Protein chains: 2
Amino acid sequence: MRGAVIHAPGDVRLETLDDPKILHPTDAVIRTAVTCVCGSDLWPYRGLEPVGDPHPMGHEYVGFVEEVGSEVTSVRPGQFVVGSFATSDGTCANCRNGFPSSCLNVEFMSTCQAERVRIPNAQGTLVATDGHPDRELWPSLLAVSDVMGTGWWAADAAEVRPGSTAVVVGDGAVGLCAVIAAKEQGAERIIVMSRHEPRQRLAREFGATDLVTERGDEGVARIKELTGGIGADSVLECVGTAEAMRQALHAARPGGNVGFVGVPHEVAVDGQELFFSHVGLRGGPAPVRRYLPDLVQRVLAGRIDPGKVFDLTLPLDQIAEGYRAMDERRAIKTLLTP
Amino acid sequence: MRGAVIHAPGDVRLETLDDPKILHPTDAVIRTAVTCVCGSDLWPYRGLEPVGDPHPMGHEYVGFVEEVGSEVTSVRPGQFVVGSFATSDGTCANCRNGFPSSCLNVEFMSTCQAERVRIPNAQGTLVATDGHPDRELWPSLLAVSDVMGTGWWAADAAEVRPGSTAVVVGDGAVGLCAVIAAKEQGAERIIVMSRHEPRQRLAREFGATDLVTERGDEGVARIKELTGGIGADSVLECVGTAEAMRQALHAARPGGNVGFVGVPHEVAVDGQELFFSHVGLRGGPAPVRRYLPDLVQRVLAGRIDPGKVFDLTLPLDQIAEGYRAMDERRAIKTLLTP
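Small disclaimer: the values here were computed from a predicted structure and weren't measured. (Residues numbered from 1 in each chain as written. Chains lettered and ligands numbered in written order. Predicted model: local features only at pLDDT ≥ 70, side-chain atom pairs only at ≥ 80, totals over all residues. Heavy atoms only, no water.)

Caption draft 1: Local environment of the overall build of chain A. What chain A contains, in helices and strands, is 12 helices and 19 strands. Referenced to the eigenvectors of the C-alpha coordinate spread, the extents of chain A come out at roughly 55 × 40 × 35 Å. When each of the 338 residues of chain A is scored for burial, the buried share is 60%. At a minimum sequence separation of 6, the contacts of chain A that also span at least 24 residues come to 67%. Of the roughly 12700 Å² that chain A leaves accessible, carbon and sulfur atoms contribute 47%. (Helix = DSSP H or I, 4+ residues; strand = E, 2+ residues; numbered from the N terminus. Buried < 20%, exposed > 50% of the residue type's maximum accessible area, 1.4 Å probe, protein only. Contact = heavy atoms within 4.5 Å. Areas by Shrake-Rupley, 256 points an atom, 1.4 Å probe, with all protein chains shown as cover.)

Caption draft 2: Representation of the domain arrangement of chain A within the structure. Residues and elements named next belong to chain A. Domain assignment breaks chain A into domain 1 (2–146 + 287–337) and domain 2 (150–283). Taking only C-alpha atoms into account, the centre of domain 1 sits 26 Å from that of domain 2. Counting residues at the interface gives 22 residues for domain 1 and 17 residues for domain 2. Taken together, both faces of the contact between domain 1 and domain 2 bury some 1700 Å²; the carbon and sulfur share is 62%. Salt-bridge contacts for Arg-298 lead to Glu-184; the nearest nitrogen and oxygen are separated by 2.6 Å. (Domains from an automatic or database assignment. Buried area = accessible area lost by both parts, 1.4 Å probe. Salt bridge = Lys/Arg side-chain N within 4 Å of Asp/Glu carboxyl O.)

Caption draft 3: Focus on the relation of the copies chain A and chain B. Under the fitted operation, chain A is carried onto chain B by 0.0 Å of movement along the axis and a turn of 180 degrees, and the coordinates agree to an RMSD of 0.0 Å. In the structure described here, the two chain copies are related by an operation that fits a two-fold rotation axis. The share of interface residues of chain A whose copies in chain B are also at the interface is 100%, consistent with both copies meeting through the same surface. (Least-squares fit on C-alpha atoms with pLDDT ≥ 70 in both.)

Caption draft 4: Spotlight on the interface of chain A and chain B. The partner chain B presents 37 residues to the 37 residues of chain A that form the contact. Buried surface at the junction of chain A and chain B, summed over both partners, amounts to about 3000 Å²; 60% is from carbon and sulfur atoms. Of all residues in chain A, the largest losses of buried area upon contact with chain B belong to Phe275(A), His278(A) and Arg282(A), amounting jointly to 24% of the total for that side. Taken together, the connections running from chain A to chain B amount to 0 salt bridges. Where chain A packs against chain B, one counts 19 residue pairs in polar contact (both at pLDDT 80 or more). Every element with two or more residues in the side of chain A that touches chain B is listed here: α2 (93–96), β15 (252–260), β16 (268–270), α10 (271–277) and β17 (280–283) of chain A. (Polar contact = N/O pair within 3.5 Å; in protein donor to acceptor, adjacent residues only side chain to side chain.)

Caption draft 5: Expanded view of helix α5 (residues 147–157) of chain B. Residues and elements named next belong to chain B. Within α5, 10 of the 11 residues are buried, leaving the element largely enclosed by the surrounding structure. Buried residues of α5: Val-147, Met-148, Gly-149, Thr-150, Gly-151, Trp-152, Trp-153, Ala-154, Ala-155 and Ala-157, and no others. Those residues of α5 that are buried lie in contact with α4 (138–144), α6 (173–184), β14 (232–237), β15 (252–260), β17 (280–283) and α11 (288–300). Glu-159 sits one or two residues past α5 and shows a positive phi near 55 degrees.

Caption draft 6: Molecular detail of the UniProt feature "domain: Enoyl reductase (ER)" (unreviewed entry) in chain A. Per the UniProt entry, the sites bearing "domain: Enoyl reductase (ER)" (unreviewed entry) are residues 7–336 of chain A in this numbering. The annotated region residues 7–336 of chain A carries 31% helix and 25% strand content, and the separation between its end C-alpha atoms amounts to 19 Å. (UniProt positions renumbered as here; feature names shortened; annotations may be inferred.)

Pasting the structure below:
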C-alpha cells in the first residue's frame, strides 16, 4: 500500500509500505476513506521538533473496517468507523473517568496518512456509523476524530455554559472547531482572535459574534472592553505558544476558565499570577472518544459541519503539496483522498 | 487603643495606636472579640517578605459593631459580626460572579491584631449573627473568617464531590480546615500529608482517613498506592511552595483537580507537564464572603468546630510570644484575646 513518510524537515513523500496486519487480538485494520494533515504535523515538518529516522505520519482517519482481531466485537468488517487520534481500551480507570486520552494502555496514532491503517485498542476506540454515510459527510466525520473533538474539549475544559461569553485564541482548524463547540455548548457571545480574512469568515459562519485583530496586551485590552472590563467567562486556547497562553490567562475574568488544547511549547505559568487571577486552567490531549458518539450524531444530523475547515483537497499522492500549502498558510487544513 | 505593630523580622510589639474612625460612608468600626496570628503573617516575621516601615498586622477578626458609616445598612451597632480578610462591596461584577476576593473595590485587611478595627466595604463584607454567640464559639467563628473559609475554597476549587478521594497537602491551620471542608463536601477518603503527631491527631479528628508521612516523590508514590495507581480525584494544596505544588499536581489523577490556596512563593507550573497530566488547576485568595452565611450556620449548629486549630490562647499583650510559638512550630495557630 502507499503511505506518507517524513524523511527530514520539509520532506514528506508517499512511498510503498507493507500492508498493516493484525498484530494483537485487540487490533483492527481499516481501509482509509479520507485522512488529512494536522497543524501538529507541522512541528517536525518545520524542524521545530526532531524528525529522527524516517517514519510514517498522520493520526486522523475515518474508514472501512477490513479485519478485526479475535477480541474485537464492537465493530466488524465492512463498517464505516470513526476513531480518535488517541486509542484507548475503554475499560481502565482513566477511561471510566472520562479521560480515554490518558488511557493506561493509550497508543497514539501515527501512520494514518496511508491507504490502510492498523488501529490498536480497536474495541474501545472505534465507533461505527449506522450504514455508510454519504461521501460529503466524510470530511466532517474526519474532523470529529481530532480537530472537532479537540475544539469540543477546549470548550468543555473552559466550562462554556449557556449564555456565557467565550474567547477563542487561535484561528487554525482547532480554533475554528472550538467556535462551533462554544456555540453548541450555549455560549451567547463568541469572540475570536484572528487577523486572517478567510479564517475570520469561517469563524463568523461557525458562530463567532466578535473578531479581535489586536494581539498581546492590545488584544487583551480589547477583550476587556468587550466584556464589561473584567474578561471572559471562558477562554479556549488553541495554539500552544507562551504568547497564546499569556493572552488566554489575561483574557479570562476572575473565576473564569481557560481550556488549553494546543500542545504547549515552552510554556510556563507563574503560580502567583495564576493565583491572583482566580482563573481555572485545564488542558491536555482531547478525550475525543468520550465525545465521539455525540459528535458523530451532530454531523449525521447536519447540525454541525466542521469539515468546512478543509479548504484544500488533494489526492494522497500530492501529500507533499498538502504539507507545503499548510506550512505556507495557503490552506487551513488539507484533506487527503487515498 | 492597643494594636500589634511589626518593626522588623522577629519584632512584633503591642503599641498604643489611634482609635480607628469611620473614614468613608461604607466603613464600620468593630470592637474585636478575638483575633489571631496567620501562617501568612510569618512570611514577613521570618524575613521572607520585606517588612518595610513599621506597620500594623493581622487580617482575621470577629467582633461587635461599634459604629457604621452612613451607607451601611446591613449591620448595626451592637451586633456580633464575622467578616473576611478580603473586604468586598458585594455589588461589582466579580462579587456577583462569586469571587468577592477579586472585588473591583477589594481592600485586604491588615490591622486586625488590635482592640478595634475599621472595616472597609462593611455593607458587602460583614455578616451578623442572630444574637450574640456563646464565647466558646468565637474561635470557630474567627476561623471561618479566614482559615476555614480558605480550606472550604480549597475543597471547592479542587471540586471535591460526594464519594470522592481527596488529598490534603499541608497540615497547618488551613490544611486542617481543608480536611473539615473535604469531609463536609462529601469526600469518602481523605488522605493528609503530615508528619507532625499533634497535627495528625487533629486531622484524624476532623475526618482524615489516611495519613502519609512520606514527602516528595515518595509521598506521591504512596498516594498512588492508596488510589488504585492513578492518583486522587481532588488535591487541596494548602502550603504555597514549589515542592507542595509539585506534590499536589503529581498526586491528582488524570481529569482530577488541584485547588491551591497557599499564596505561591516562587512557583512555576510547566505547561507541557500540566497538559499531559489532564489535571485542572484553580486557586487564589479564598472567596470567603461567598461561604460565610453557610459556614457561620455550620458553626452555630455545632456541625463543624474549626476553632480547634487554635492550640494556644494568649492575651493580646503577649502577641510577641504568639508569633514566636508559631514560628517555632510550638503552636499550630495562636488565638489572641484583647
